[in-house]
Amino acid sequence: MKKMPNLYPTIAVLISLIFSIAYFLYIKSNVNDKTWDTATNFVTTILSIVIGAMISIILYNLQQKTESEQRVTELKKNLQAELSDINRVLSSGDVINVNGLPFLAIFIEPIIIDECAKSGLFETKDVENFLHISRKIKFYNVQVNYFLSILTTSNNPFSPEILIHCQKNMETSRIAIINDIKTIQTQLNLSLSDSINYK
């Protein structure tokens, strides 16, 4: 989630300036020269410290904002690469056929997706989309693992009902992940790369 700008330093500086002007007008009208000099030196020192501190905080906030923007740009670039790779893999058609049913048995990892979700630099709706697709990818991996466990089971031949159910679940998850990729691509204005062809 994006953080709101910190306006407290700016407000503090404005209050300090207003106080300085009010103090100057009061002292000029009501205090003799000797008291004026002592009071002026004291208050000037305090105000200098306050204003200096506030300016430092403002500069720090600006630096943090710049670093956050750079980090978001970096994450988006890496996210675009990861989504492109996942999309290519799931659209490759590189399936294995078991009893006439096609299975795309490959594991995929949402590394950058999870990093974006945890970064705290994106809007709430974007974080929700990251969490949704991450959960679907991990569930797809569970389904792939289950399918591979069926293949390695010594109790062959395979049950047609189990294979059909497994293939249906994997295909549903595959399509859902591809649709989520398109949603994230649209919301974050990302373009998917097609530099590698797995077919």
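Residues numbered from 1 in each chain as written. Predicted model: local features only at pLDDT ≥ 70, side-chain atom pairs only at ≥ 80, totals over all residues. Heavy atoms only, no water.

## Structural notes on the packing of aromatic side chains
Inference 1: The final tally for this structure, using the stated rule, is 2 aromatic pairs.
Inference 2: Aromatic side chains Phe103 and Phe147 sit 4.1 Å apart centroid to centroid with 10° between the ring planes, which places their arrangement in the stacked category. Residue Phe103 is found in strand 2 (residues 101–103), and its partner Phe147 is found in helix 4 (residues 124–151); the two are separated by 44 residues along the sequence.
Inference 3: Since its relative accessible area comes to 0%, Phe147 is described here as buried.
Inference 4: Ring centres 5.3 Å apart and planes at 90° place the aromatic pair Phe122 and Phe130 in the edge-to-face group.
Inference 5: Overall, the relative accessible area of 1% leaves Phe130 in the buried class. (Phe/Tyr/Trp six-rings, centres within 6.5 Å; stacked < 30°, edge-to-face > 60°. Helix = DSSP H or I, 4+ residues; strand = E, 2+ residues; numbered from the N terminus. Buried < 20%, exposed > 50% of the residue type's maximum accessible area, 1.4 Å probe, protein only.)

## Examining the pattern of salt bridges
Inference 1: Counted under the stated rule, the structure contains 6 salt bridges.
Inference 2: A salt bridge links Glu115 to Arg71, with the nearest nitrogen and oxygen atoms 2.3 Å apart. Here Arg71 lies in helix 2 (residues 33–90) and Glu115 lies in helix 3 (residues 111–119), a separation of 44 residues in the sequence.
Inference 3: Of the charged contacts, one joins Glu171 and Arg174 as a salt bridge, the two residues approaching to 2.8 Å between their closest N and O atoms. (Salt bridge = Lys/Arg side-chain N within 4 Å of Asp/Glu carboxyl O.)

## Section: the confidence of the model for the protein chain
Inference 1: For the protein chain, mean pLDDT is 82; residues scoring 70 or higher make up 75% of the total.
Inference 2: By mean pLDDT, the top-scoring element of the protein chain is helix 3 (96), and the lowest-scoring one is helix 1 (residues 8–30) (66). (pLDDT = per-residue confidence, 0-100.)

## A word on the side chain of Asn141
Inference 1: Examined against the element boundaries, Asn141 turns out to sit in helix 4.
Inference 2: One polar contact links the side chain of Asn141 to the main-chain carbonyl oxygen of Ile108, over a distance of 2.6 Å.
Inference 3: Once you skip the residues sitting within four places of it in the chain, Asn141 turns out to touch Ile106, Phe107, Ile108 and Glu109. (Polar contact = N/O pair within 3.5 Å; in protein donor to acceptor, adjacent residues only side chain to side chain. Contact = heavy atoms within 4.5 Å.)

## Quick look at the environment of Leu101
Inference 1: In this fold, Leu101 is placed in strand 2.
Inference 2: Taking the C-alpha atoms as reference points, Leu101 and Ile164, 63 residues apart in sequence, are found 7.5 Å from one another.
Inference 3: If near-sequence neighbours (up to four positions away) are discounted, Leu101 is found in contact with Ile96, Leu163, Ile164 and Gln167.

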